[in-house]
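Residue-level listing of the chains:
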Amino acid sequence: MKRKDLLNITKKFGTPVYVYDSNKITSQFNRLKRAFNEISDLRIHYAVKALSNISILKLMRKLNAGLDTVSIQEVELGLIAGFEAKKIIYTPNGVSFNEIERVSKMGVQINIDNLSLLEQFGSKYPKTPVCVRINPHVMAGGNSNISVGHIDSKFGISIHQIPLLKRIVENTKMCVNGIHMHTGSDILDIEVFLYASEILFTNAMHFKDLEFIDFGSGFKVPYKKGDKETNIEELGEKLTIRFKKFLKNYGKNVQLAFEPGKFLVSEAGYFLTSVNSLKQTTSTVFAQVNSGFNHFIRPMFYNSFHEIYNLSNNMGKKRFYSVVGYICETDTFGNNREIEEISDGDILVFKNAGAYCFSMANNYNSRLKPAEVLWYNGKANLIREKENFEDIINKQIQINIE
Ligand SMILES: *Cc1c(COP(=O)(O)O)cnc(C)c1O
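Bear in mind the structure is a predicted one, so any value in this text is a computation, not a measurement. (Residues numbered from 1 in each chain as written. Predicted model: local features only at pLDDT ≥ 70, side-chain atom pairs only at ≥ 80, totals over all residues. Heavy atoms only, no water.)

Participant: Got a minute to help me understand the overall build of the protein in this structure?
Facilitator: On a plain count of helices and strands, the protein comes out with twelve helices and 18 strands. Computed over its C-alpha atoms, the radius of gyration of the protein comes to 23 Å, within 12% of the 21 Å expected for a compact globule of 402 residues. Dimensions of the protein, computed from the C-alpha atoms along their principal axes, are close to 70 × 60 × 40 Å. The buried share among the 402 residues of the protein stands at 53%. (Helix = DSSP H or I, 4+ residues; strand = E, 2+ residues; numbered from the N terminus. Rg over C-alpha atoms; globule rule 2.2 N^0.38 Å. Buried < 20%, exposed > 50% of the residue type's maximum accessible area, 1.4 Å probe, protein only.)

Have a look at this one:
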């Protein structure tokens, strides 16, 4: 997208506003497909939780993706977007058995990550094939918020419990049609990822009815210049060789599946805000924008770095600013950043705003959630109206307080 397209969007729809570039989503999707083009049966399941607007889901459907969902509501969004139930996989954690039953009755592929739920499900529905989520206990990267493969993790069935898992499958005569892992940590070191996948291949041999092996996600994208990202091409090359060898051992064809969220939508997103005021203290120049962690929480929640630039004065001389929000709590988007000189009213752009940004937005401070715009076919399409005050009060019930 060009600078003038983003500027026009702020004129037409105001700020704050989220903008997503469909061309970038499409090119990331094709890049992943290309890296695995030697796999005859590749499934790419978009992780809905990254960005769940129905128009985004429709774009994914057009690209021929499936969906990875973590709640019955995400499943319902997928069905509204036109996905066939069988192209949706449901990978919940900590949900009720009742929700799993309801989703299964919709015809969605169930992925179970808990032995007691597996036993319950297998006893009641031995004819419904399920996928099992394995925890390979491999941890890459250091942030325990986003590494879910380690020993204390609440995610997945430990590889050390495979004997019990097998016994449950034998006792209930249920069918395991998929085996899954999602460690949640960034794949930076391809060797670490291959090491974890080796564990999955070994354990896959225990299950004779597999239709797919799902490697989850963890594809890392760059957030700033010089950032390391997952080398998808190298991963494609190496995993393809290993996967083909597995197919030979296994003796029949199995699909290879991934569940990328961030990889597909992160870099496609821009969050556009206006500067309410500049405030100089003894040590810092603050640029205060018309947003906060109610709209964009990743910097405060995960300490993630999002590049910020000045859209309205893009040729200005660079100076140092701390960019903060309007919430009555510390909400620093970026500390001590070099940004083109800022004046009141300038538009600041936050990059990598596609994944886990709008989908984590809330109404803290009784603020309204912003609009979303999809750049599609060379045009800005409004795909969500900004909220109004009605949205803040419409579920509230006022009782008589004397
Ligand atoms: C969140 C999640 C994903 C997507 O992770 P990204 O880092 O956004 O690619 C995939 N699979 C499961 C089970 C998830 O919970």
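The structure having been displayed, the exposition proceeds.
Participant: I'm lost on the domain arrangement of the protein in this one. Help?
Facilitator: When the parts of a complex come together, some accessible area is lost, and that lost area is often taken as the interface size. In terms of domain boundaries, the protein breaks down into domain 1 (22-265) and domain 2 (269-382). The C-alpha centroid of domain 2 is placed 33 Å from the C-alpha centroid of domain 1. Facing 21 residues of domain 1, the contacting portion of domain 2 comprises 17 residues. For the domain 1 and domain 2 pair, buried surface summed over both sides reaches about 1600 Å², with 52% attributable to carbon and sulfur atoms. Between the two partners, domain 1 and domain 2, sit zero salt bridges. Contributions of two or more residues to the side of domain 1 that touches domain 2 are made by helix 2 (22-35), helix 3 (54-62) and helix 10 (262-265). In terms of residue count, helix 3 provides more of the side of domain 1 that touches domain 2 than any other element does, four residues in total. Of the residues in the side of domain 1 that touches domain 2, the class split is nine nonpolar, seven polar and five charged. (Domains from an automatic or database assignment. Contact = heavy atoms within 4.5 Å. Buried area = accessible area lost by both parts, 1.4 Å probe. Salt bridge = Lys/Arg side-chain N within 4 Å of Asp/Glu carboxyl O. Nonpolar A, V, L, I, M, F, W, Y, C, P; charged D, E, K, R; others polar.)

Participant: Would you explain helix 9 (residues 232-250) in this entry?
Facilitator: Each full turn of the α-helix corresponds to 3.6 residues, which orients residues three or four apart in the same direction. The end-to-end C-alpha distance of helix 9 is 25 Å, a good match for the 27 Å that 19 residues give at a rise of 1.5 Å each. For helix 9, the full list of buried residues reads Ile 232, Leu 235, Gly 236, Leu 239, Thr 240, Arg 242, Phe 243, Phe 246, Leu 247 and Tyr 250. Backbone geometry just downstream of helix 9 places Gly 251 in the positive-phi region, at approximately 90 degrees. (Expected span 1.5 Å × (residues − 1).)

Participant: Can you walk me through the site of the ligand in this structure?
Facilitator: Close to the ligand lie Ala 47, Lys 49, Asp 68, Thr 91, Arg 133, His 182, Ser 217, Glu 259, Pro 260, Gly 261, Lys 262 and Tyr 356. Separating an oxygen atom of the ligand from a backbone N or O atom of Lys 262 is a distance of 2.8 Å. Calculation on the ligand without its partners gives an accessible area of 390 Å², and the protein chains cover 90% of this total. In the shell around the ligand, the residues fall into three nonpolar, four polar and five charged. (Near = heavy atom within 4 Å. Polar contact = N/O pair within 3.5 Å; in protein donor to acceptor, adjacent residues only side chain to side chain. Areas by Shrake-Rupley, 256 points an atom, 1.4 Å probe, with all protein chains shown as cover.)

Participant: Help me understand the state of the cysteines in this model?
Facilitator: In protein structure, a disulfide is the covalent linkage between the sulfur atoms of two cysteines. Throughout the structure, instances matching the rule amount to zero disulfides. Cysteine Cys 131 shares no disulfide, and the gap to the nearest cysteine sulfur, in Cys 175, comes to 11 Å. (Disulfide = S-S within 2.5 Å.)

Participant: Would you mind going over empty space enclosed by the protein with me for this structure?
Facilitator: One water molecule sets the probe size; rolling that probe over the atoms shows where empty space is left. Throughout the structure, instances matching the rule amount to three cavities of 30 Å³ or more. Roughly 40 Å³ of volume is contained in the second largest cavity. For the second largest cavity, the full set of lining residues is Pro 92, Asn 93, Gly 94, Val 95, Ile 100, Asn 111, Ile 112, Asp 113, Asn 114 and Leu 117. A breakdown of the residues in the lining of the second largest cavity according to their chemical character gives five nonpolar, four polar and one charged. (1 Å grid on protein atoms, 1.4 Å probe; cavity = no way out; pocket = protein on both sides within 12 Å on 5 of 7 lines; lining within 4 Å. Points joined across faces, edges and corners; volume = space filled by probe spheres on them.)

Participant: It is not clear to me how helix 3 should be interpreted in this structure. Could you clarify?
Facilitator: Within the span of helix 3, buried status applies to Ile 56, Leu 57, Leu 59 and Met 60. Down the axis of helix 3, the smallest arc covering the buried residues is 155 degrees, so these residues share one side. Residue Asn 53 occupies the N-cap position of helix 3, its side-chain oxygen lying 2.9 Å from the main-chain nitrogen of Ser 55. Two residues or fewer past helix 3, Asn 64 is found with a positive phi of approximately 75 degrees. (Arc of directions from axis to C-beta.)

Participant: Help me out: how do you make sense of the pairing of strand 18 (residues 379-384) in this one?
Facilitator: Within a regular strand, side chains alternate between the sheet's two faces. Judged from the five bridges that link them, strand 17 (residues 371-376) and strand 18 form a sheet pairing that is antiparallel. Considered in strand 18, the bridge of Val 373 is made with Leu 382. (Pairing = 2+ DSSP bridges.)

Participant: Help me understand the packing of aromatic side chains in this model?
Facilitator: Aromatic rings considered in pairs are described by the distance between their centres and by the relative angle of their planes. This structure, assessed with the given rule, holds 22 aromatic pairs. Their ring planes at 25 degrees and their centres at 4.3 Å tell us that Tyr 18 and Phe 271 sit as a pair that is stacked. Remark: Phe 271 occurs in strand 11 (residues 269-280) and Tyr 18 occurs in strand 1 (residues 17-21); sequence separation between them is 253 residues. The class for Tyr 18 is buried, based on a relative accessible area of 0%. (Phe/Tyr/Trp six-rings, centres within 6.5 Å; stacked < 30°, edge-to-face > 60°.)

Participant: Can you walk me through the pattern of salt bridges in this structure?
Facilitator: Pairs can form between side chains of opposite charge whenever their charged atoms are close. By the definition in use, this model includes 13 salt bridges. Linking Glu 307 and Lys 351 is a salt bridge whose minimum nitrogen-to-oxygen distance equals 3.6 Å. With Glu 307 in the loop between helix 11 (298-301) and strand 13 (308-310) and Lys 351 in the loop between strand 16 (347-350) and strand 17, this residue pair connects regions lying 44 residues apart in the sequence. Accessibility expressed as a relative area gives 27% for Glu 307, which makes it partly exposed. Look at the salt bridges and you will find they share partners, linking Arg 31, Glu 229 and Glu 233 into a network.

Participant: Even after reading the chapter, I still don't get the packing of helix 8 (residues 190-204) against helix 9, so can you show me in this structure?
Facilitator: Helix-helix packing is characterised by the crossing angle of the two axes and by the distance between the axes. Two elements in contact, helix 8 and helix 9, have axes whose closest approach is 11 Å; the angle formed by their N-to-C orientations is 15 degrees. Comparing their axes, helix 9 and helix 8 come out roughly parallel. In this structure, the crossing between helix 8 and helix 9 has a hand that is right-handed. Judged by residue contacts, Ile 190, Glu 191, Phe 193, Leu 194, Ser 197, Glu 198, Phe 201 and Ala 204 of helix 8 engage Glu 234, Leu 235, Lys 238, Leu 239, Arg 242, Phe 243, Phe 246 and Tyr 250 from helix 9. In terms of residue class, the contact of helix 8 with helix 9 is built from ten nonpolar, one polar and five charged. (Axes fitted to C-alpha atoms, helices over the stretch in contact; angles between N-to-C directions. Parallel < 35°, antiparallel > 145°, perpendicular 65-115°, else oblique. Left-handed = near helix turned anticlockwise from the far one by under 90°.)

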